[in-house]
Amino acid sequence: MGVKTLIIDGQELSARAGQTILEVARENDINIPTLCHLEGLSNVGACRLCLVEIKGSNKLLPACVANIHEGMEVVTNSERLKKHRRVILELLFAERNHICAVCVSNGHCELQALAQEQGLTHINLPYRNPALTVDASHERFTVDHNRCILCMRCVRACAEIEGAHIWDVMGRGIDSIVITDLHEEWGSSACTRCGKCVQCCPTGALFDKSKIGSDHPKYPDFLPYLNLMREAR
Amino acid sequence: MTQTITIDPVTRLEGHGKITIMLDSQGQVEDAHFHVTQVRGFEKFSEGRPFYEMPSLMARICGICPVSHLLASAKACEAIMAVRIPHTAAQLRRMLNMAQMVQSHALSFFHLSSPDLLLGMESDPRTRNIFGVAAARPDLGLAGIGLRRFGQHIIELLGSKRIHTGWVVPGGVTEPLSAAHRDEILSMLPEAFANVKLALTAYKQIADSFKQEIEVFANFPSNYLGLINEDESIEFTDGALRLIDPTGTIIEDGMTAHRFTEVIGEAVENYSYTKFVYYKPLGYPQGSYRVGPLPRLNIVKSMGTPQADAELAFFKQMSAGPIESSFHYHHARLVEALYGVENIERILADPLILDKHVRATAGVNRLEGAGQIEAPRGTLNHHYKVDENGKITWANLVVATGHNNKAMNLGVLQSAKAYVKDGKFTPGALNRVEAVIRAFDPCLSCSTHAFGQMPLVMTLVNADGEVVDQLIR
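As the structure is a prediction and not an experimental result, all values here were calculated from the model. (Residues numbered from 1 in each chain as written. Chains lettered and ligands numbered in written order. Predicted model: local features only at pLDDT ≥ 70, side-chain atom pairs only at ≥ 80, totals over all residues.)

Caption draft 1: Representation of the overall build of chain B within the structure. Looking only at helices and strands, chain B features 16 helices and 16 strands. Its C-alpha atoms give chain B a radius of gyration of 22 Å, near enough to 23 Å, the size a compact globule of 473 residues would have. Seen through its principal axes, chain B has C-alpha atoms that stretch 70 × 50 × 40 Å. In chain B, which comprises 473 residues, the proportion classed as buried is 57%. For chain B, the proportion of contacts with a sequence separation of at least 24, taken over those separated by at least 6, is 73%. (Helix = DSSP H or I, 4+ residues; strand = E, 2+ residues; numbered from the N terminus. Rg over C-alpha atoms; globule rule 2.2 N^0.38 Å. Buried ≥ 20, exposed ≤ 12 C-beta atoms within 10 Å, placed from the backbone. Contact = placed C-beta atoms within 7 Å.)

This is the structure we're talking about:
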């Protein structure tokens, strides 16, 4: 395995060939915000929060899917990037109905935490306030599309880890929503009731009915271990 | 030429309101309306939400008494789940409700009404507030702040948040009470008792100087509604509703939450967004009634705690039958606050109060459920319908200010007739008309499930419909 050297935020680092910028940054305690990325799942580069600047290129690259190369110089936290990240977060908040105060994930939400971390104090865009549904047909879990940010972690967890592929995305662009089976109710889908999707969901879109009113932290840390155990077999 | 006087905004209330006084061609008061001028739409936008989210959603109606909405909502949800909550959870909720009642009554009496009572209806409006009270009677100012803190701090100790706690959930509460928190509440009791008694003593000393106000502050015979226990003692969290007529005779008894819609109707008048609630068998407006501290004391035979019982006996000496002047809401509020502190002490003595079993779980077992409690301002009923997945398909909230709406309008008319003569009014008179509303301590944000702060405008309109004078604060 070849070793590459690169610079991230002024730090001279060495890394393995084939690693992504995000992997190298995290190995070296450099924070790059992410939302659709989750350790243990494949990367899709959808949320664009991990965009970074590469010296010599005007193009911003998503750190979760961009591989490193020799002599690369990466900037992860410029004013330009901070502004882009805030706008991305504003767009996410304006797109659907995120009411933190009454959300089951209040205090445990990755979107909320990122907004705080990025210094987002106001949404300058008009809210769309779309009329979206809640599917409470499942005996254990509920999906509230008002809080979904289309990160597709649930889709990947179900397909890649559980192997059931109950979740998928229907529609295009701003009209996209996550669906179960061929857009049937979650409760009558072929769901295995494993709950991995709920643990992977960064917001309160997927939640455990029994956690209403209580703290509802999510624990997606088990995914890399599941992969590890499968590889070992 | 007739005229109309409008008070807009009415201040020191929770919410937004407006008063219009219509004068006839002789300049005499012909009619008066108390308008609530906003709509919030909580019933509508809760449609489609899972029912178990309702307590936390409904609590957002108000920052003063979120606990009332939490409890009524949770009880409606428990009717849908068809569960009985654990004994300890029920006791802790009762304590939460008492704490809120004490803090809300302290707010109403000390912060909102005592400026009128202690400094006088005609005193300088610039100092006619809690700061003026604190300057004139520092002991009472501190007692008011202390009593409010007592209630709010108990809410915080139980639910970890003073406002909009998520601790009350369908099926019970999320966390049991710890021994440390119990001991902290116990240590706060002596000061709370002293503060309530100070207020009671001060009120009794000044009450006699308000004879004229007592005469015209919504002083008329009416029906009265409130929760009551089987032993005819006062109840805030459980029990069933009783309705009595102006002579004190029982009209209807044992009204549980699910019978509420059978007997209680809501009428609409085109000048207010708050509905006018009435007893169906008597029709509207004959079936109107009052709710809140005064009606509760009119209905009950006892408070169930020794010190409050002594105060109730003193209170009831005022009249052989039900006490009619809404001015006495102030006194009733203080009797209830004393009961609240005593009741918190009694609940803490329950040997099971630290029990860890505080939550029952269940799914949707009924498609409809209702819950009712006594909020500080009066009876509160939440009624929901859900689909088989537990999503709200219909919600209706009947709040204290809706129950009192007709009586408040009649009270404004009565006091306007007394204080507006020949088409003229003085600021002192204006404040008295407002003070009638304040005696009911209405929550206008609840009653319309309304949005914003609470200014109030008073307008004087002549017979041709022209505004001849207006007072805006």
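Caption draft 2: Layout of the overall build of chain A. Scanning chain A for helices and strands turns up six helices and ten strands. Relative to the compact-globule value of 17 Å for 233 residues, chain A shows a C-alpha radius of gyration of 19 Å, a close match. For chain A, the spread of C-alpha atoms along the principal axes amounts to about 55 × 50 × 35 Å. Looking at chain A as a whole, 38% of its 233 residues are labelled buried.

Caption draft 3: Focus on the interface of chain A and chain B. Taken together, the eleven residues of chain A in the interface contact 15 residues of chain B. Looking at the side of chain A that touches chain B residue by residue, the classes come out as five nonpolar, six polar and no charged. (Nonpolar A, V, L, I, M, F, W, Y, C, P; charged D, E, K, R; others polar.)

Caption draft 4: Main features of the packing of helix α3 (residues 66-81) of chain B against helix α4 (residues 87-119) of chain B. All names here are of chain B. Axis separation between α3 and α4 bottoms out at 9 Å; the angle between their running directions is 150°. Here α3 is positioned roughly antiparallel relative to α4, judged by the angle of their axes. In terms of crossing hand, the pair formed by α3 and α4 is left-handed. For the pair α3 and α4, the contacting residues are V67, S68 and L71 in the first and R93, L96, N97 and Q100 in the second. Tallied by class, residues from the contact of α3 with α4 come to three nonpolar, three polar and one charged. (Axes fitted to C-alpha atoms, helices over the stretch in contact; angles between N-to-C directions. Parallel < 35°, antiparallel > 145°, perpendicular 65-115°, else oblique. Left-handed = near helix turned anticlockwise from the far one by under 90°.)

Caption draft 5: Representation of helix α11 (residues 306-316) of chain B. All names here are of chain B. Taken as a whole, α11 has its buried residues at A308, E311, L312 and F315. For α11, the angular spread of the buried residues around the axis is 105°, confining them to a single face. The exposed set on the far side of α11, more than 90 degrees from its buried face, consists of P306 and A313. In the core, the buried residues of α11 are packed alongside α7 (179-207), α10 (293-299) and α12 (329-348). (Arc of directions from axis to C-beta.)

Caption draft 6: Expanded view of helix α2 (residues 79-95) of chain A. Residue and element names in this part refer to chain A. Taking 1.5 Å as the rise per residue, α2 with 17 residues should run 24 Å; its terminal C-alpha atoms sit 24 Å apart, in good agreement. Every buried residue belonging to α2 is among R85, L89, L92 and F93, and all of these are buried. Buried residues of α2, seen end-on, are gathered within an arc of 95° and therefore sit on one face of the element. Set apart from the buried face of α2 by more than 90 degrees, the exposed residues are E79, R80 and K83. Looking at the buried positions of α2, the neighbouring elements they touch are α3 (110-117). (Expected span 1.5 Å × (residues − 1).)

Caption draft 7: Representation of the sheet that holds strand β7 (residues 240-244) of chain B within the structure. Residue and element names in this part refer to chain B. Pairing in this open sheet of four strands is mixed, and the strands run β8-β7-β6-β11 from one edge to the other. The sheet is open, and its two edges are formed by β8 (250-255) and β11 (289-290), each paired on a single side. The pairing of strand β6 (residues 223-228) with β7 spans five bridges and is antiparallel. Its bridge partner being in β7, L225 is matched across the sheet by L243. (Pairing = 2+ DSSP bridges.)

Caption draft 8: Quick peek at the environment of A72 of chain B. Residue and element names in this part refer to chain B. Tracing the backbone through its elements, the reader meets A72 in helix α3. Judged by C-beta crowding, with 29 C-beta atoms within 10 Å, A72 ranks as buried. Measuring from C-alpha to C-alpha, the distance between A72 and E466 comes to 44 Å, with 394 residues separating the pair along the chain.

Caption draft 9: Fine view of the nonpolar core. Core analysis: the biggest nonpolar cluster contains 189 residues, and C154 of chain A together with V412 of chain B have the highest contact counts within it. Broken down by element, the residue count for this core peaks at twelve residues, all from α4 of chain B. Leave out the neighbours within four places in its chain, and C154 of chain A touches W167, V178, C197, C200, C201 and L206 of chain A. (Core = buried A, V, L, I, M, F, W, Y, C linked by C-beta atoms within 7 Å.)

Caption draft 10: Expanded view of the pairing of strand β9 (residues 177-180) of chain A. All names here are of chain A. By the bridge criterion, four bridges tie strand β8 (residues 167-170) to β9 in an arrangement that is antiparallel. By the bridge assignment, W167 is partnered in β9 with T180. The turn linking β8 back onto β9 is made up of six residues, and G171 within it adopts a positive phi angle of 85°.

Caption draft 11: Quick peek at the pairing of strand β10 (residues 276-279) of chain B. All names here are of chain B. The two faces of β10 match: F276 and Y278 on one face and V277 and Y279 on the other face are all buried. Note: strand β9 (residues 264-267) against β10, four bridges, orientation antiparallel. Bridging across to β10, I264 finds its partner in Y279.

Caption draft 12: Summary view of the sheet that holds strand β4 (residues 60-62) of chain A. All names here are of chain A. With mixed pairing, five strands are arranged side by side in an open sheet as β2-β1-β5-β3-β4. The open sheet has two free edges, formed respectively by β2 (11-16) and β4, since each of these has just one partner strand. When the angles between neighbouring strand axes are averaged without regard to direction, this sheet yields 40°. Summarising the sheet, strand β1 (residues 3-8) and strand β5 (residues 73-75) pair through two bridges and their orientation is parallel. Each bridged residue has a counterpart across the sheet, and for I8 the counterpart in β5 is V74.

Caption draft 13: How the structure looks around the packing of α7 of chain B against α12 of chain B. Residue and element names in this part refer to chain B. One way to put it is that α7 packs onto α12 with a least axis distance of 9 Å and a crossing angle of 160°. The orientation of α7 relative to α12 falls into the category roughly antiparallel. Like other packed secondary-structure pairs, α7 and α12 cross with a definite hand, here left-handed. On the side of α7, the interface is formed by R182, I185, L186, L189, A192, F193, V196, A199, L200, Y203 and A207, while α12 contributes H330, H331, L334, A337, L338, V341, I344, E345 and L348. When the residues that make up the contact of α7 with α12 are grouped by side-chain class, the tally is 16 nonpolar, two polar and two charged.

Caption draft 14: Here's a closer look at the environment of L430 of chain B. Residue and element names in this part refer to chain B. Relative to the helices and strands, L430 resides in helix α15 (residues 427-440). The exposure class assigned to L430 is buried, which follows from the 24 C-beta atoms found within 10 Å. A C-alpha to C-alpha distance of 41 Å links L430 and R259, two positions 171 residues apart in sequence.

Caption draft 15: Representation of unusual backbone geometry in the model. The step from Y284 of chain B to P285 of chain B runs through a cis peptide bond, and the omega angle for that step is 5°. Residue N129 of chain A is not a glycine yet carries a positive backbone phi of 45°. Checked against the element boundaries, N129 of chain A lands in the loop between α3 and β6 (134-135). The phi torsion at L150 of chain A lies on the positive side, around 55°, for a residue other than glycine. Mapped onto the fold, L150 of chain A is located in the loop between β7 (141-144) and α4 (153-162).

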